[in-house]
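Here is what each chain is made of, one letter per residue.
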Amino acid sequence: MIQVLRLIEVAVDRVVGHSLTRRVGAFGLLMGVVPALVVSIFTGLIIFSLMVDRVNANLSEAGGLAQQQVLFRLSNGEQTLSDIADSTIVRNGLLDTEGRSGYLDPFLHSYVARYPAVELAALTDFQGEPLTLVANTSLPWDPALWATARTAVDRGEAIWKMLEGDTPIAVVAYPVLYPPTSSFEGALVVLIDLRKTVGAALERMPTGLTVEVFDLRGELKLRHGALESQLRASMRFPLVLPHLDGFPGLELVVSMSAWEAYKPLAIFFSLFIALGLISIMVARSISQRLSAQLLGPLRKLDDAVSNVGLDGRVRGGDVPVFGHDEIARLATGFNRMMAAIRSAQEELESKVVERTRRLHTAQSRLNGVLESIRDIIYSVSLDHSRTLYMSPAHREIAELRDVPAERRYTVLCTLVHPDEAGRIEAFRREVQTSGFGEIRYRLRKLDGSALWVQERAYLVFDETGKPSHIDGILTDVTAGVSAELAREAAERSLRIRDRALASCDEGVLIAEVTDDRVERLVYANDAFLSLSGRCREELIDKDWRTIEVDERDAQSLRELRRIIRNRSHGRQRMRLKRKDATSLWVEISVAPVQGTGNGSASHMIGIITNVSELVHGEQRYRKVVDAVREVIYQVDNEGRWTFLNPAWTAITGHKVEETLGASFFDFVHPDDHPFNVECFSELIAGKRDHVRHEVRYLTRNGETRWMQVFGQPVTDDDGDLIGFSGTLADITESRDAAEILRLRDRALQASSNGIVIVDRSQRGNPVIFVNSAFERITGYTAAEITGRNCKLLQGRDTNQSEVEVLREALRQEKPCTVTLRNYRKSGEMFWNELTVSPVRDADTGAVTHYVGVQNDVTARREADLRLLDLFMRLDMVFTLSPDGFVSFDGDDRVAFVNPAFERMSGFSSGEMAGLTRDAPIAGLPSRTDRTANR
């Protein structure tokens, strides 16, 4: 828009030029044309609005009529389809599978013939399969019809759906009620050609109008009437049946040619423009003639003005004056003005000479002032590449003595500390954008020392308002920065200390103390407020003695007050009363804070530590120490008892009160005294860090008790020995038990039978003990067999029946005796008579170990085998001998008779077994006679 206005301005300048006559004429023309043009435009807009309303009214009337006709036909057709679907003849068609075609087909034929827009009518089952079908078209049965019919049955309501394709075909499906079940089991499906429906409704549309139907995607479905031009006026009308689900959203567009609509308006505007142009030309001619007559004298004045030179000097004479009108008065005034200008010009020249002289004087004074100023005043170009001016102070501050004047600021920038480079760039951008900037940064002088400077810069503009250069001043603020940094460090230290006091877990109180014994609280941290349960207002500016403690700690409170009065250090433990009347153990440590004047204490600081847990822990510790059955003791570096728990009295009978202060060695048996002294002497000499030995102690009734002594040195913070501490354990019974165990061990070791003990609680039942007889029998040492299973002795000969007997006994946790083939370490086989017995826990009764007793019965087993062989030989001799033999056992009963005796006596071995010595002899003669007779 701005460019268009500029072009109009250039065009006006070219047409009118610089002539005032033409300008006045153009102005008169403009004053006449502009109002007429405004009125004309306003009138044209009103006429155009009325014409647009007329066109819209025509389109609205025609479109509304078309919309009503189309919707009437669609609604009427929908109601007809609904009545047919609910008719008895259609419902019976679902039941009558054999004869439905006789009456249903003619019925559907009559419906299709009555409505030309109906292309197809069909009755389907609940799956959408057609039962009967009547069509005016050759369209195949589309799957969309099947899906639409099934959807109508499932929903129980009418469904509308548009088929895909160029032809606007709508599928309408109405569910049909099945009378026996009162459920929808079929659907009446109809194909409607919307072109025929809409075309019939638009037959009476006025000529010159075009009616189009679009779907929701903007696709054209049909058009009624010829489309004469793309430039047209149109109006849209929706085609909606809201009570039908799936009815396609269509839109009716009624349009007409824009030329036909607005032709009268175009003719009117053409005539209006022609008349306007004629009027402008006539007005322009009249205005130019009038301006030439009125402004002639002004040309004379213009010529006089042109005689004034560009240098401001006046040349030529006065302007001639004609008449007494306004222009004549203007010429007279111009002549007077020119005379005044000549006089003023001469006076101005003399003043310039005088001011130049004064300027030189001020310049010299300014140079003197700049020489005395300690700050660097500079002027640089906008890009900081050229120094326009820099005051002499740069020689002392930045030491730029041998640098060319135009490069001084550039060299000064090279002295900027590297850490300040980013801030300097931001400072320069700020000056360029906002016109002013201020920054404090570090310089590195040529000697390596740091220099803090404060720089302020201003953006200077020229007469046209454009940035010209940058002026600035640098001030040496090193001393101020150092003081400020020191002050900040001190303040930071104070803040850290204050935060440390505030965040300290221990309570802190500070009281102001004076010579008149005023002890007023001035500080209490949050930890103390939490300990005391009080708020800060209840404590600050109050005497610290308002803090209450338990009455039982009155002595500790008096001692604390004495320490504060004396302005000294001290520590006391007492029970502090809280605001809620409860109390807790605290330890209060106080110390004086020296004032800055005469060195006396101006404040007292108290650290209040909650030691409730510590006190309760000490009490619990005392209870534990008193309950321990071992003696816990402490002695000083001279060997005197300083602490003993009650176990000392329980073991020795000596009272603790009587023992404290006595010598540590007075209660040791005289025979063990040298040994005990020797052990502790090594501890004192630092040769050992602790001692543990056994000595005898004398009891109060003169008996002795064996004690296991444990002792270690106790040192102070400097590492100096101040005593000993440790325990005394009464081991009299354990030594007796150990002696019994050693006796049993010697007995086991002296046994001729091998003894082995296995641990059942460990995986694999490892061996934990064997005696020397085991080592002698098996050849394995105790170290070789310990930790291993006794299966080692079986070697590879594990398939023995006695092994299974042993395993079963172990499973049942019963003792057993078996004889196994075992193998010595050398591989030699020996017969091992093994007796295994379980060892049970005395408390739980569970088996924890097994004890095995081994007996090498190899010699006995070999003797038994030889005896068995001898018996077998004798049995063979007795069996084959022709002489009769009878053997008796130790009870004189028959144990064996040979076959020869059976033949001789007639008695079988079964009859003879168990008879006494006399019984068979008594019956022997008679039985022998019978045998002989046979």
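Residues numbered from 1 in each chain as written. Predicted model: local features only at pLDDT ≥ 70, side-chain atom pairs only at ≥ 80, totals over all residues. Heavy atoms only, no water.

Draft legend 1. Seen up close, the overall build of the chain. When its secondary structure is counted, the chain shows 27 helices and 31 strands. Taken over 934 residues, the chain has a buried fraction of 34%. Considering only contacts in the chain between residues 6 or more positions apart, those separated by 24 or more positions represent 44%. For the chain, the accessible surface area stands at approximately 56,400 Å², while carbon and sulfur atoms represent 55% of it. (Helix = DSSP H or I, 4+ residues; strand = E, 2+ residues; numbered from the N terminus. Buried < 20%, exposed > 50% of the residue type's maximum accessible area, 1.4 Å probe, protein only. Contact = heavy atoms within 4.5 Å. Areas by Shrake-Rupley, 256 points an atom, 1.4 Å probe, with all protein chains shown as cover.)

Draft legend 2. Up close: unusual backbone geometry. A positive phi is found at Asp-541, a non-glycine position, where the angle reads about 65°. Locating Asp-541 in the fold gives a position in the loop between α14 (526–532) and α15 (554–565). A positive phi angle, close to 75°, is found at Ala-581, a residue other than glycine. The residue Ala-581 is located in the loop between β17 (570–577) and β18 (583–594) in this model. Residue classification places Ala-581 among the exposed positions, given a relative accessible area of 68%.

Draft legend 3. Just the environment of Tyr-378, in detail. For Tyr-378, the location among the structural elements is in strand β10 (residues 376–380). Given the relative accessible area of 2%, Tyr-378 is considered buried. Placed 96 residues apart in sequence, Tyr-378 and Leu-474 show a C-alpha to C-alpha distance of 8.2 Å. The residues touching Tyr-378, leaving out its near neighbours within four places in the chain, are Tyr-389, Met-390, Tyr-409, Glu-455, Arg-456, Ala-457, Ile-470, Asp-471, Gly-472, Ile-473 and Leu-474. At 2.5 Å, the side chain of Tyr-378 forms a polar contact with the side chain of Glu-455. (Polar contact = N/O pair within 3.5 Å; in protein donor to acceptor, adjacent residues only side chain to side chain.)

Draft legend 4. Representation of helix α4 (residues 100–114). The terminal C-alpha atoms of α4 lie 21 Å apart, and with 15 residues this matches the ideal 21 Å at 1.5 Å per residue to within 8%. Listing the buried residues of α4 in full gives Arg-100, Leu-104, Leu-108, Tyr-111 and Val-112. Here the buried residues of α4 occupy an arc of 95° about the axis, which is enough to place them on one side. Turned more than 90 degrees away from the buried face of α4 sit Gly-102 and Ala-113, all of them exposed. (Expected span 1.5 Å × (residues − 1). Arc of directions from axis to C-beta.)

Draft legend 5. Up close: the packing of aromatic side chains. All chains considered together, the criterion is met by 13 aromatic pairs. Considering the side-chain rings of Trp-641 and Trp-648, the 5.2 Å spacing of their centres and the 45° angle between planes classify their relative orientation as tilted. Since its relative accessible area comes to 2%, Trp-641 is described here as buried. Each ring, one from Phe-664 and one from Phe-680, has its centre 5.1 Å from the other, and the planes form 70°; the classification is edge-to-face. Of the two residues, Phe-664 sits in the loop between α18 (656–659) and α19 (673–684) while Phe-680 sits in helix α19, which places them 16 residues apart along the sequence. Neither Phe-664 nor Phe-680 differs from the other in exposure class; each is buried. Each member of the aromatic cluster is reached from another via a ring pair, and the members are Tyr-633, Trp-641, Trp-648, Phe-664, Phe-665, Phe-667, Phe-680, Tyr-697 and Phe-724. (Phe/Tyr/Trp six-rings, centres within 6.5 Å; stacked < 30°, edge-to-face > 60°.)

Draft legend 6. Examining the pairing of strand β13 (residues 450–461) more closely. Judged from the nine bridges that link them, strand β12 (residues 436–444) and β13 form a sheet pairing that is antiparallel. Across the sheet, residue Glu-438 finds its bridge partner in β13, namely Arg-456. As paired elements, β13 and strand β14 (residues 467–476) share nine bridges and run antiparallel to each other. Looking at the pairing, Glu-455 lines up with Leu-474 of β14. Taking the residues that link successive antiparallel strands as the turn, the β13-β14 hairpin has five residues, and the phi of Gly-465 there is positive, at about 90°. (Pairing = 2+ DSSP bridges.)

Draft legend 7. Representation of the sheet that holds strand β21 (residues 641–644). Within the open sheet, the five strands sit side by side as β21-β20-β24-β23-β22. Their pairing is antiparallel. Both edges of this open sheet fall to β21 and β22 (691–698), since each of them pairs with a single strand only. Each neighbouring strand pair of the sheet contributes to a mean axis angle of 30°, computed without reference to strand direction. The pairing of strand β23 (residues 704–715) with strand β24 (residues 721–730) spans nine bridges and is classified as antiparallel. Residue pairing across strands places Phe-710 opposite Thr-727, the latter belonging to β24. Lying over the sheet, α19 contacts β20 (631–636), β22, β23 and β24, oriented at roughly 145° with respect to β22. (Axes fitted to C-alpha atoms, helices over the stretch in contact; angles between N-to-C directions.)

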